[in-house]
Structure formats: C-alpha cells, structure tokens
Amino acid sequence: MSLFRALRNYAYSRAGIYRRRLNAKPFPGVAVLAYHGVRDDDLPCDALRGGHMHVSASRLAEHCGVLKALCTPISGEQFLEAAVDGRPLPPRPVLVTFDDGYANCLSQALPVLERFEVPAVLFACPDPIARGVRFWFDAVAERHGDAAVAKAKSLPYDEWRMCVQRDEMSADSGDPHRPLTVPELLRVAASGLVEVGGHTLTHPILANATPADQQREIAGCAQALTAWLGKAPRLFAYPNGRPRVDYTEETVATARECYLDAFAMGDRFTDPSTLRGEQRRFLVLDSVSGAELTHRLAGAWSRAPLV
Ligand SMILES: [Zn+2]
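Residues numbered from 1 in each chain as written. Predicted model: local features only at pLDDT ≥ 70, side-chain atom pairs only at ≥ 80, totals over all residues. Heavy atoms only, no water.

**Looking at the pairing of strand β1 (residues 31-35)**
Put simply, the test is: Think of it in three bands: with a 1.4 Å probe and only protein chains considered, a residue is buried below 20% of the maximum accessible area for its type, exposed above 50%, and partly exposed in between. Numbering of helices and strands runs from the N terminus, with a helix taken as a DSSP run of H or I at least four residues long and a strand as a DSSP run of E at least two residues long. By the convention used here, strands pair only if DSSP detects at least 2 bridges between them.
Burial analysis of β1 places five of its five residues in the buried class, the great majority of the element. On β1, burial covers both faces: Ala31, Leu33 and Tyr35 on one face and Val32 and Ala34 on the other are all buried. Of the strand pairs in this sheet, β1 and strand β5 (residues 93-100) are connected by five bridges, and their pairing is parallel. Residue pairing across strands places alanine 31 opposite valine 94, the latter belonging to β5. Of the strand pairs in this sheet, β1 and strand β10 (residues 282-283) are connected by two bridges, and their pairing is parallel. In the strand pairing of β10, alanine 34 is matched with leucine 283.

What follows is the structure in structure tokens.
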C-alpha cells in the first residue's frame, strides 16, 4: 500500500469520516471475510510460502477491533437465520470465515476471536486432518514452488490426485502451517464461537473433477465432519472459489444437497436471501491494515449488486 493511501486511511479514521460514511450508507447485504491461517506475530510474513494469505495474530486483532467498533460481527447461525428464515440482520453485518483448517486457527485465531467476541465459521478439509499430512498446496509449494501449485490446479482430477499423492508430506507438529488434528478441531467447535463447515475432503479444484468425484469430495466431507462433531455441517466453501472457474453449476447443485448454503469468492457483499449456494466473500490478506479494512468497508468495496 502506498504511503499516501496509508496516511489518508489514518486521517479519515481519526476524523470519523469512515464512521459517518458507514452510518449513512447501509451494506447491501453481509460482508463475508475470507481468511486462511493466522500466524504468530513472531513469524515474519515472508518466512512461509504464501505468507500473505495468513494474517498475523495482531493483524486479526486489529481487524476484529474495527468490526466491533464500526460493524456487527454475526455468526453462521445468524447468517443462516437470515438465509433460511428471512430473519432481519443487524446493521452492517460481517461474517468472519477461515478456510482449510490450519492448526493456528485454534492456537492463534481463537484467542483473538474470544477476546473480541467475534464469531466465525471455519471451513475444514477432513482428509489431511484425519491423516496428519500437510495441505497438498503447502507440500507442493514446499517441494517445487508456487508455480507448481498453479499447474497442479489446472490438471484433471485424477492427474492432480497422482501429483499430490507423490508429493505428500507428513505434518510436523512444529510446522506453523500444519492442519488441525481431530481433537484440535473438536476444541475449536467446542468453543461455541466457531461453527465448522465443509471445504471438500482433499481440496481439489472441483471444476476439474467428474460429477462422481465431486459428489465424493463434497458429501464425504460432510459425512466425516458429522462423524467427528456429532452433527451435520450446515455451510460449505468451494476450494479456490472463483465462480464458474473453480466450480460449476453441477457443483452448486451437489453442495446444496449436502449443506444449507455455500460460499464462493467474488469480492462482493452477499445477500443471504438470494444466490443460495453461491454466497460471495472478500478475500483478506495480511497486507490489509485495520485502516485499509475500514476504508474498504466504508465504500471502497463495491456496493453494486451482482448481475
Ligand atoms: Zn481452501
């Protein structure tokens, strides 16, 4: 971010301009924020591959402070009440979500969420969690670099499976980006603050898979989470999540058979009463300061409806 932009964001925040803008212009739906892992403040962003995808704990705290001061953090339950029952939402509703199921969602994110009383949804992939292996994209990036991850995402499902099985890595207990274990996932769910949703069994690009493989990935994920948590997950997020690129209309139909609602990416506010099975989310990276998040919520994020 440029120095000018940072200074402008700071000055606008201090002058209360963002607060007035937020009060004057209602959200056209819910701002659903998509996070991934949360790293320890002592771990530099560039110490990890794809580190910008993982906000620091203090950055998450900064964001939660903004959400509590200027918006209304809502739970997955409240989102579903609006989606399914049409119940009204509070002003400026924001839903915080985390993808994949990193162990640091328990060690780093949950303490922050509890401190600020911000609810969240965690979309988890049961296969690496059950087998104690790293997420495939972290293992492939570690062995071959980020370009190899992008290439693997373009492969047909069967070829992708062979590729990621060949490069599989055990999850070291000291790895800051290892997946949760099953007991850790249960502790996250038992917090009462985080709802666990599905994210497929193994995190494929669903658009590259046959309908049968999509069904196995989506329904198998729901079955595994149900067996662990004692209740069926209600929400789902598509891996990678670009509409009609990373998943298809068939994927949406399958997701809707297994879950009450599903989330894509898309940098739009989402209206829980519409777009069933394809709710949109804003991707949040480590580079987004609290002031920048405020700037985006106050108007920089498009309020135009989806066409
Ligand atoms: Zn993911």
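Resuming the write-up.
**Quick look at the coordination of the zinc ion**
The criterion, for reference: Donor atoms: N, O and S within 2.8 Å of the metal, or within 3.2 Å for Na, K and Ca. Because water is excluded, sites can look incomplete.
Distances from the zinc ion to its protein donors, namely Asp100 (OD), His199 (NE2) and His203 (NE2), fall within the range 2.1 to 2.2 Å. Coordination of the zinc ion draws on donor residues from a single chain, spaced D-x98-H-x3-H in sequence. In this pair, aspartate 100 is assigned in strand β5 and histidine 199 in the loop between β7 (194-198) and α11 (211-229), connecting sequence segments 99 residues apart. Each member of the pair, aspartate 100 as well as histidine 199, is classed as buried.

**Here we look at unusual backbone geometry**
Of note, the phi angle at glutamate 117 is positive, near 55°, even though the residue is not glycine. Here glutamate 117 lies in the loop between α5 (104-116) and β6 (120-124). Phi at aspartate 267 takes a positive value of approximately 50°, unusual for a residue other than glycine. Mapped onto the elements of the fold, aspartate 267 is located in the loop between β9 (261-263) and β10.

**Some remarks on the nonpolar core**
Spelled out, the test is: We call a set of buried Ala, Val, Leu, Ile, Met, Phe, Trp, Tyr and Cys residues a nonpolar core when their side-chain atoms join them within 4.5 Å. Note on contacts: a residue pair is in contact if any heavy atoms of the two residues lie within 4.5 Å.
Counting 59 residues, the largest nonpolar core has Leu33, Leu60, Phe98, Tyr238 and Leu297 as the members making the most contacts within it. For leucine 60, the residues in contact, after removing those within four places along its chain, are Tyr35, Val38, Val55, Phe98, Ala109 and Val112. Grouped together as the second largest cluster of nonpolar side chains are 15 residues, Tyr102, Trp136, Ala152 and Leu155 included.

**Topic: helix α10 (residues 182-190)**
Spelled out, the test is: Our arc is simply the arc of the directions from the helix axis toward the C-beta atoms.
Among all positions in α10, only Glu184, Leu185 and Val188 are buried. Looking straight down α10, one finds its buried side chains confined to an arc of 100°; they lie on one side. Residues of α10 that are exposed and angled more than 90 degrees away from the buried face: Pro183, Arg187 and Ala190. Elements that come into contact with the buried residues of α10 comprise α5, β6, β7 and α11. Positive backbone phi, at 80°, marks glycine 192, one or two positions downstream of α10.

Keep in mind that these numbers describe shape and distance, not what the molecule does.
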